[in-house]
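Structural overview
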Amino acid sequence: MAVDNEDDDSSDEEYIGKNKKKPAAKKTAKKKPAAAAAKKPPAKKSAAKKKSGDAMTFEEMKAEKAKDIDVKKLNNPQSFPDDGPYVEPVGIDATGGIVEGIIGGMVQKVGKLLLASTKLEEEERNDGELEFPLKLNTACSGTDAPSIALGLVKECLDRLSAENEKDGGTGDHGFEYEHNMSCELEPFKQAYISRNFPDTKLFPDITKLTGGKTVTDVYGRAQTIPESNLFIAGTSCKDFSMLKSSHRKDIEDKGTSGETFLAAVEYLEQEQPKMAIFENVQNAPWEKMQEYIEGRIDLKDRNDAK
């Protein structure tokens, strides 16, 4: 068998020497790697196509949203620390655009009326019920959504006023606000407010806002209640919604809902803001609450009012 193999090799060498070419079988064997290499680019294309078609992850959406947000301009006119891992300005997450879109749509409808007022004389512009800047005080503040909403309204009006200036307007919409006070009992909500609204006075208990010249804030300091022309309170709803029991407590039943609401009314009587907005559940005793707010039920008679 060894002799036969040597004879075969010599015949191959003679054939190559004469023709200077390799057998066809060997050519076919060399083409196979080239054919395999040619199939690689389509595989890469299909992988790229799959990647572009995939839905974005939450982290990718968050990063994309963050590119369009200037943290220093959020919640105007609040100021934020330059650095620090505990600052959590609203609007960074991917769902922030939903709220911005809702408020932006409302501003588009109503904002042009406000912009039209910029063409009036200064005296005529100040004839409304509210004066600017709005001076916001909140109680049972939670995460202080009213301040966040006012900040978004101002941002939308800034964009509208830029368009209005091109059409001959002044470019000054006149909408300014100050967030001067918050009042919140829950410690973790106090932490949120102090991080996101660092220049706002923060008090811990709505039932202790009245009755003295100064009020102790969450840091133990004696403070005066800042001036306000807009008061917003979302007083406790647990007793009114029957979340704590099957029996709905009324205002005078000394539950948390009644106490916080009556404290808010005491604040109205003492501070006399030009406008007040109350938020609560649908099942709350709104008619009686209105009577207290309007003064038809005197606070000193609260124990007898049923």
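Here, the structure is the one placed above.
Summarised in this report is the structure supplied together with it. Quick caveat, the model's predicted, so the values are computed rather than measured.

Now for the overall build of the protein. Helix and strand counts for the protein come out as 10 helices and 7 strands. Split into buried and exposed, the 306 residues of the protein put 33% on the buried side. For the protein, long-range pairs separated by at least 24 residues make up 65% of all intrachain contacts whose partners lie at least 6 apart in sequence. Carbon and sulfur atoms provide 53% of the accessible area of the protein, an area that totals close to 19,800 Å².

So, about the nonpolar core. Nonpolar side chains in soluble globular proteins generally cluster together in the buried interior. Membership of the largest hydrophobic core comes to 25 residues, with the highest contact counts inside it found for Ile-206, Leu-209, Phe-231, Ile-251, Phe-261, Tyr-267 and Tyr-292. Among the secondary structure elements, those contributing two or more residues to this core are strand E2 (177-183), strand E6 (230-233), helix H9 (256-271) and helix H10 (286-294). Broken down by element, the residue count for this core peaks at 7 residues, all from H9. Residues within four places of Phe-231 in sequence aside, it is in contact with Asn-137, Thr-138, Ala-139, Ala-264, Tyr-267, Leu-268, Pro-273, Met-275, Ala-276 and Ile-277.

Where nonpolar side chains cluster on the molecular surface, the patch consists of Ile-98, Val-99, Ile-102 and Met-106 and spans about 410 Å² of accessible area. Turning to its location among the elements, Ile-98 is positioned in helix H5 (residues 96-116).

It is worth spelling out the sheet that holds E6 at this point. One open sheet holds the 5 strands; their spatial order is E3-E2-E1-E6-E7, and the pairing between them is parallel. With partners counted over all chains shown, the strands left at the sheet margins are strand E3 (201-203) and strand E7 (275-278), one partner each. For this sheet, the mean angle separating the axes of adjacent strands, direction not counted, is 20 degrees.

We note that Asp-144 has phi near 55 degrees; this positive angle belongs to a residue other than glycine. Relative to the elements of secondary structure, Asp-144 occurs in the loop between strand E1 (134-139) and helix H7 (145-166).

The next subject is helix H8 (residues 187-196). Three or more residues of H8 are buried, namely Gln-190, Tyr-192, Ile-193 and Asn-196. Buried residues along H8 cover an arc of 160 degrees about the axis, so they all sit on one side. Counted as exposed and oriented over 90 degrees from the buried face of H8: Pro-187 and Phe-188.

Let us now look at the state of the cysteines. Summed over all chains, the structure comprises 0 disulfides. Free of any disulfide, Cys-183 has its nearest cysteine sulfur in Cys-140, 6.6 Å distant. Assessed through its relative accessible area of 1%, Cys-183 is described here as buried.

A few words now on the pattern of salt bridges. For the structure shown, the criterion picks out 5 salt bridges. Close ionic contact of Asp-158 with Lys-154 constitutes a salt bridge, the shortest N to O distance being 3.5 Å. One end of the pair, Asp-158, and the other, Lys-154, are both in helix H7, 4 residues apart, so they sit about a helical turn from each other. A residue is classified by how much of its surface remains accessible, and Asp-158, at 31% relative accessible area, is partly exposed.

Applying the stated criterion to the full structure yields 5 aromatic pairs. A ring pair is formed by Phe-132 and Phe-175, whose centres lie 5.6 Å apart and whose planes are at 55 degrees; its orientation type is tilted. Of this pair, Phe-132 sits in the loop between helix H6 (122-125) and E1 while Phe-175 sits in the loop between H7 and E2, placing them 43 residues apart in sequence. Summarising the aromatic geometry, the rings of Phe-261 and Phe-278 are spaced 5.7 Å apart at their centres and angled 65 degrees between planes, so their arrangement reads as edge-to-face. Pair noted here: Phe-261 is in helix H9 and Phe-278 is in strand E7, with a separation of 17 residues, a long-range link.

Before going further, it helps to spend a moment on the environment of Leu-185. Relative to the helices and strands, Leu-185 resides in the loop between E2 and H8. Residue contacts for Leu-185: discarding those within four places in its chain leaves Gln-190 and Pro-204.

All right, on to the packing of H9 against H10 then. The contact between H9 and H10 brings their axes to 9 Å, and the two run at 25 degrees. As the angle between them shows, H9 and H10 are arranged roughly parallel. H10 is crossed by H9, and the crossing has right-handed handedness. Each of Phe-261, Leu-262, Val-265 and Leu-268 in H9 lies in contact with H10, whose residues at this interface are Met-289, Tyr-292 and Ile-293.

Conventions adopted
- In every chain, residue numbers begin from 1 and rise along the written sequence.
- With the structure being a predicted model, the display of local features is reserved for residues of pLDDT at least 70 and the display and counting of side-chain atom pairs for 80 or more, all residues being used for whole-chain, interface and lining totals.
- Excluding hydrogens and water, the side-chain values take into account all heavy atoms of the structure.
- Think of it this way: any DSSP run of H or I at least four residues long counts as a helix, any run of E at least two long counts as a strand, and we number them from the N terminus.
- Whether a residue is buried, partly exposed or exposed follows from its accessible area with a 1.4 Å probe, protein chains only, as a fraction of its type maximum: under 20%, in between, or over 50%, in that order.
- Residue contacts are counted whenever heavy atoms from the two residues lie within 4.5 Å of one another.
- Per-residue and other accessible areas follow the Shrake-Rupley method at a 1.4 Å probe size, with only the shown protein chains counted as cover for residues.
- As used here, the term nonpolar core means buried Ala, Val, Leu, Ile, Met, Phe, Trp, Tyr and Cys residues forming a set that is joined through side-chain atoms within 4.5 Å.
- Nonpolar side chains (Val, Leu, Ile, Met, Phe, Trp, Tyr) within 5 Å and like charges within 9 Å form the patches, drawn only from residues with over 30% relative accessible area and no salt bridge.
- Throughout this description, the term salt bridge denotes a Lys or Arg side-chain nitrogen within 4 Å of a carboxyl oxygen of Asp or Glu.
- Strand pairing requires that DSSP identify at least two bridges connecting the strands.
- For helices, the fitted line uses only the C-alpha atoms of the stretch in contact; every axis is such a line through C-alpha atoms, and the angle between N-to-C directions lies from 0 to 180 degrees.
- To be clear, the arc concerns the directions from the helix axis to the C-beta atoms.
- Throughout, a disulfide means two cysteine sulfur atoms within 2.5 Å of one another.
- Here the aromatic set is Phe, Tyr and Trp, taking the six-membered ring for Trp, and pairing holds for ring centres within 6.5 Å; pairs whose planes are under 30 degrees apart are stacked, those over 60 apart are edge-to-face, and all others are tilted.
- If an angle is under 35 degrees, it is roughly parallel; if it is over 145, roughly antiparallel; if it lies from 65 to 115, roughly perpendicular; otherwise it is oblique.
- For any helix crossing, the convention is left-handed if the near helix is rotated counterclockwise from the far helix by under a right angle, and right-handed if that rotation is clockwise.

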